[in-house]
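Coordinate inspection notes
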Amino acid sequence: MRTTERRIGLLFAGFLLCFLVVVGRAAWLQGVQGAQLASEAAYQQTEVVTVPGLRGSVLDRHGNPLAVSEDAATIFATPYQVKDPVAAAAKLAPILEKDGDEILRSLTGGSGFSYVAHKVDMPTAARIARLELAGIGQLPDSRRTYPQGQLAAQVIGAVGAESQGLTGLEAGRDSVLRGTDGERRIVKDALGEPIRLETVTEASDGRDIQLTLDPAIESKAERVLAEVGAAYSPKGATAIVVDPRNLRVLAMANWPPVDPTDLTDVDPENLINRATGFTHEPGSTFKAFTIAAALEEKLVTPESLFTLPPAIQVADRTIEESHARGTVTMSVAEILAHSSNVGAVTVGLQLGGERFSRWIGRFGFGRPTGVQFPAEERGIVPALDEYSGSTMGNLPLGQGLSVTPMQMVAGYAAIAAGGVLRRPQLIEAVDGEPVPKPSGHRVISASVAADLRTMLEGVLAPGGTASEVSVPGYTLAGKTGTAEVAEDGVYSETKYVASFIGFAPARDPRLLVAVTVDQPQGDIYGGSVAAPAFGKIAAFALPYLGVPPG
Amino acid sequence: MSARALALGWPARSRKAAKKKRKKRGRSRAAALPAEYNMLLTATLCLLAFGAVMVFSASSTTQVLSDGGLSDSAFYLKRTAMFGAAGLVVMHLTARHGLEVARRLTPAILAISLLLLVAVLVIGTTVNGSTRWIDFGFVQIQPSELAKLALVLYGADLLARRPKRARSLDGMMPCLLVTGLASALIVVEPDLGTALIVAFAVGATLIAAGARWRDLVLIGLALGFFALLLTLVEPHRMARLTGFLNPGADAAGSGFQAAQAKIALGSGGIFGIGIGNGVQKAFYLPEAHTDMISAVIGEELGLVGIVGVVGLFSMFGYAGLQVAKKAKDGYGMLLVAGLTSLILVQATINLFAVMGLAPLTGVPLPLVSYGNSSLLVTLFAVGLILNVARGGTARAGKLRVIDGGRSPARERSRSRGAGNRNSRSGGGGNRRPRRAGHGGRRRASG
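The rules we used
Residues numbered from 1 in each chain as written. Chains lettered and ligands numbered in written order. Predicted model: local features only at pLDDT ≥ 70, side-chain atom pairs only at ≥ 80, totals over all residues. Heavy atoms only, no water. Helix = DSSP H or I, 4+ residues; strand = E, 2+ residues; numbered from the N terminus. Buried < 20%, exposed > 50% of the residue type's maximum accessible area, 1.4 Å probe, protein only. Contact = heavy atoms within 4.5 Å. Areas by Shrake-Rupley, 256 points an atom, 1.4 Å probe, with all protein chains shown as cover. Pairing = 2+ DSSP bridges. Axes fitted to C-alpha atoms, helices over the stretch in contact; angles between N-to-C directions. Buried area = accessible area lost by both parts, 1.4 Å probe. Salt bridge = Lys/Arg side-chain N within 4 Å of Asp/Glu carboxyl O. Polar contact = N/O pair within 3.5 Å; in protein donor to acceptor, adjacent residues only side chain to side chain. Nonpolar A, V, L, I, M, F, W, Y, C, P; charged D, E, K, R; others polar. Expected span 1.5 Å × (residues − 1). Bend = angle between axes of the 7 residues up to and from the residue. Phe/Tyr/Trp six-rings, centres within 6.5 Å; stacked < 30°, edge-to-face > 60°. Core = buried A, V, L, I, M, F, W, Y, C linked by side-chain atoms within 4.5 Å. Arc of directions from axis to C-beta. Patch = residues over 30% accessible without salt bridge, like charges linked within 9 Å, V, L, I, M, F, W, Y side chains within 5 Å. Left-handed = near helix turned anticlockwise from the far one by under 90°. Parallel < 35°, antiparallel > 145°, perpendicular 65-115°, else oblique.

1. Brief notes about the overall build of chain A
Scanning chain A from terminus to terminus reveals 19 helices and 21 strands. Of all 550 residues assigned to chain A, the portion counted as buried reaches 54%.

2. Overview of the overall build of chain B
On a plain count of helices and strands, chain B comes out with 16 helices and three strands. Within chain B, the proportion of its 446 residues that are buried is 54%. In chain B, the share of contacts with a sequence separation of at least 24, taken over all contacts with a separation of at least 6, comes to 75%. For chain B, the exposed area adds up to about 18,500 Å²; of that, 64% sits on carbon and sulfur atoms.

3. Comments concerning the sheet that holds strand β19 (residues 477-487) of chain A
All names here are of chain A. With respect to topology, five strands assemble into an open sheet ordered β10-β9-β21-β20-β19, the strand pairing being antiparallel. At either end of the open sheet lies a strand with only one pairing partner, and these are β10 (248-255) and β19. Across the sheet, the axes of successive neighbouring strands diverge by a mean angle of 15°, strand direction being ignored. Pairing geometry for strand β9 (residues 236-243) and β10, over seven bridges, is antiparallel. From the neighbouring strand, A237 faces β10, where its bridge partner is W255.

4. Details of the interface of chain B and chain A
Chain B puts 50 residues into the contact, and the matching count from chain A is 37 residues. The contact between chain B and chain A buries some 3,700 Å² in all, and 73% of this surface belongs to carbon and sulfur atoms. Counting across the interface, chain B meets chain A through zero salt bridges. Linking chain B to chain A there are 14 residue pairs in polar contact (both at pLDDT 80 or more). Elements with a contribution of two residues or more to the side of chain B that touches chain A: α7 (192-209), α8 (213-233), α10 (256-268), α11 (293-326) and α12 (330-355) of chain B. Considered class by class, the residues forming the side of chain B that touches chain A number 30 nonpolar, 14 polar and six charged.

5. Looking at α11 of chain B
Residue and element names in this part refer to chain B. With 34 residues, α11 ought to run about 50 Å at 1.5 Å a step, yet its terminal C-alpha atoms sit only 34 Å apart, falling short of that. The principal kink in α11, of about 130°, is found at L301. Burial analysis of α11 places 25 of its 34 residues in the buried class, which makes it a mostly covered element.

6. Comments concerning the packing of aromatic side chains
Residues and elements named next belong to chain A. In the structure shown here, the tally under the stated rule is 15 aromatic pairs over all chains. Where F289 meets F365, the ring centres are 5.1 Å apart and the plane angle is 70°; that geometry is what we call edge-to-face. Here F289, found in helix α12 (residues 287-296), pairs with F365, found in the loop between α15 (353-362) and α16 (391-394); they are 76 residues apart in sequence, far enough to count as distant. The pair formed by F289 and F365 is uniform in burial state, with each residue classed as buried. Relative to Y544, the ring of F540 has its centre 5.3 Å away and its plane inclined at 20°; by these criteria the two rings are stacked.

7. Some details on the sheet that holds strand β2 (residues 130-135) of chain B
Residue and element names in this part refer to chain B. The strand order β1-β2-β3 describes an open sheet built from three strands, whose pairing is antiparallel. Lying at the two open borders of the sheet, with one neighbouring strand each, are β1 (125-127) and β3 (140-141). Both β1 and β2 contribute to a ladder of three bridges, which runs antiparallel. Across the sheet, residue T126 finds its bridge partner in β2, namely T131. Together, β1, β2 and β3 form the strand contacts of helix α4 (residues 75-123), whose direction differs from that of β2 by roughly 100°.

8. Examining the nonpolar core
Counting residues in hydrophobic clusters, the biggest one holds 124 residues, and the most contacted among them are F313, L335 and L339 of chain B. The element that contributes the greatest number of residues to this core is α12 of chain B, accounting for 18 residues. Setting aside residues up to four positions removed in sequence, F313 of chain B forms contacts with F19 of chain A together with L47, I343, L344, A347, L365 and P366 of chain B. A67, L177, V403 and A416 of chain A belong to the second-largest nonpolar core, a separate cluster that totals 121 residues.

9. What to know about the pairing of strand β13 (residues 317-320) of chain A
Relative to β13 of chain A, strand β12 (residues 311-314) of chain A runs antiparallel, the two being bridged by four bridges. Residue A311 of chain A lies in a different strand from β13 of chain A, and its bridge partner there is E320 of chain A.

10. Remarks on helix α4 (residues 100-108) of chain A
Residues and elements named next belong to chain A. Taken together, the buried positions of α4 are occupied by I103, S106 and L107. Buried residues of α4, viewed axially, fall in a sector of 100°; they line one side. Check the buried side of α4 and you find it contacts β3 (65-77), α3 (85-96), β4 (114-121) and β5 (136-145).

11. Observations regarding the pairing of strand β11 (residues 305-308) of chain A
Residue and element names in this part refer to chain A. Residues F306 and L308 point to one face of β11 and are all buried, whereas L305 and T307, pointing to the other face, are not buried. In this structure, β11 lies alongside strand β14 (residues 328-331), joined through four bridges in antiparallel fashion. Bridging across to β14, L305 finds its partner in S331.

12. Quick word on a nonpolar patch on the surface
On the surface, F225, F226, L228, L229, L232 and V233 of chain B cluster together to form a nonpolar patch covering roughly 630 Å² of accessible area. Mapped onto the elements of the fold, L232 of chain B is located in helix α8.

13. Observations concerning the packing of α4 of chain B against helix α13 (residues 372-389) of chain B
Where α4 of chain B contacts α13 of chain B, the axes come no closer than 7 Å and their chain directions differ by 35°. Every pair of crossing elements has a handedness; the one defined by α4 of chain B and α13 of chain B is right-handed.

14. Concerning the environment of I427 of chain A
Residue and element names in this part refer to chain A. Along the chain, the position of I427 falls in strand β16 (residues 427-430). Residue classification places I427 among the buried positions, given a relative accessible area of 0%. Expressed as a C-alpha distance, the spacing of I427 and Q372, which sit 55 residues apart in the sequence, is 7.0 Å. Residue contacts for I427: discarding those within four places in its chain leaves L169, R173, I209, Q210, L211, T212, Q372 and V435.

15. Quick notes on the packing of α3 of chain A against α4 of chain A
All names here are of chain A. Close contact between α3 and α4 brings their axes to 8 Å; oriented N to C, the two are set at 130°. Taken together, the axes of α3 and α4 are oblique relative to one another. Seen from above, α3 lies across α4 with right-handed handedness. Across the interface between the two elements, P85, V86, A88, A89, L92, A93 and L96 of α3 pack against G100, I103, L104, L107 and T108 of α4. The residue makeup of the contact of α3 with α4, split by class, is 10 nonpolar, two polar and no charged.

So, in structure tokens, the structure goes:
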């Protein structure tokens, strides 16, 4: 009996020893080696993928999207895993609407990874996933779509493969629009199928930007420019439509158009928003500022009469009229209406270089307007100490300095809006928050502004340089410009910039349109190339905006 | 009153109860329970309930993943619950009448299990290259599970009849031969793990019976020799052995399972990643709900879970061996020692394999792993131990299996059954000394 009890005790001791070994081993594996084995587990069980944060939308003034991002997929291949590249390429080509040979090349490359297609929309990606092709995988991506097509393409801009802004507001406001990518951990079973998803860092979408652009006016402006483009084959053209009372930009059109989804083979010049990026000598449209300065300095009144010879000599330069004439007597108003070069220089010489230089600055030339568009040009305005003897024979005519269409719009809007110069506004709201309204400052008195508006009416009146343009029911005011393009310091005989800036109704302006056409072919005059375009845009926009006739 | 006590499931024949029996009938029955009886029952029920939870956790993931979510995630849980309930009924009944019946039927059980072990090789179902199951349509049974039990029953019966047998190799020879034959049949399936369990369990019975160390060492050496031989001739066993000896060499191949078990345990850390949260069961661990369930426990409940399981088995072992010590006759002692060892050996081999302390042999964790035959047999064994714990005894049958060479006659077993019933209802039955068994044997041989 003693033996038996001892033997049973021995058995128990044996088992207990075994169990202690088990516990010791478990403590070793789970305690000491736990961290390392846990990392091995994580290595084989989990995969961390990037979840793209969607880029914010660009909206029009009504809040409708002009550019939006949506989820997409990038299709990639692991070439050595592709079983039958020829068959796979033949299946993929029609779905991706791509060249079969090109796809085949991506499936047969020597590397272990190659891209088959970028930014494929989700329905297409789902069709590819259903093919269950070996060696073909997908990565989450996003793509930019443009519900309004190419509308305002140069303003909105384009994005690159990494959804980064390349041009336009997409580049200028990239920090606002850009989303922050998140990370997601996928827990997989041993067969590679996902069994659990965990969010490591939340992806956050970018913020929306609402523009002041009105899609209907933008669209009309672009159609009108397309007609100009078809008729005169210019190098480029731009039209800006603003409400002069608050300088909100309603349209910023460019010609030729570009496709923001496909920038290959696009001339970089056509990606530029010419409204802020095209510098040119303004020519006659600038005369309004010369007259404004003289009026404000009380050197002249609209009725002041000048006897103007056929030509006037300033230092080494002779200034003539564009259409030769004899000696005439003109009022200041007539000088503007007929765009007299001699008259403008005469008035300018009365002002003198020092005062004139100050007035150029006051109207905002030589500085960006601050329209919230990236890389806005400032133009070139000679400083007073750079003036030569002939400078005052050039500047009053709008020669010898360069400006952007936007600067001209800002200046004319001051005339139209009672003498207050404002910063143009292109962005209405960011992420739903309205941006602060820019405050203006007075540059000329309200009465001088009113005088100028009356004088500019004459341009479209019989005998004016744009007398053929009219919008039934509305009185128009504006100024034509036909500027020779300076090349290597010499004015070209064949290259001109034709422009027209006008507003309506003339007495109470609610709409201001500037049309600038770079190097039109066949006809060169602002009155015949640009002014009719102004007329068409105004004829649409005035009733569209509900502006009462007047 | 004692009849009612029996019906309610309390031991009516503990010493204390027996003393008071005639005066205070059926009073303070709870106090009458031996501590080891309660310990054993507690450990068993805890392991069983814990097993059901872990089987559900380990199997539901793959069930859902396999068929695209169409299959029943609780399939294995339901079957475990069903067979667990059936097993508990078996245990409950066995705890009362099992010992007598089992001893009387030992020759039959042994014969049937040997027969089934041969049959399984002919008509068995092959899964993963092993022919271990016979399919009866509604249920699959694993003859080796029955054989484990049969051999322990037989060994205990044989050695209890004439304790001197344990003193010499010659005396043990019948037992060794039968065990060897059954093990050989199991090895052929092939199921080396179960064969080893059988060998160890019978070995534990021999140790308890007082076999000489010299003989035990010889038997151990022979066993080791055969195990090594069998490993060397079978490539997949060889691969498992080399995978065990050098786990890093081929982590994706033969070492895969061992490596995955280690990863599962390690990623559980001290407290585990939470019940049901384990990932390793999703096809990383093969047989997550059976052989690898302890790896799932380690992953989901950490070191704490493993210590808990080991603790429950230790409690089971302590209680079982206490029951053996206190058994009223040699048969009860040997049987309980053998059955307790049978369950503990399985647990040890399973845990050693999962922990990377031994090569993988495909042994489930008793009471915890999914496995219907194993569950029924194990609960039957627990029932027998409980019966002994309640002070039950069984007299030896008239015929001796090996010496007599014939199966017991129907007539005799029936009359024996009647005698047992008489002895049980007679209050002095529990007091019958071991001598009664010897007497029976003598009668049989005489």
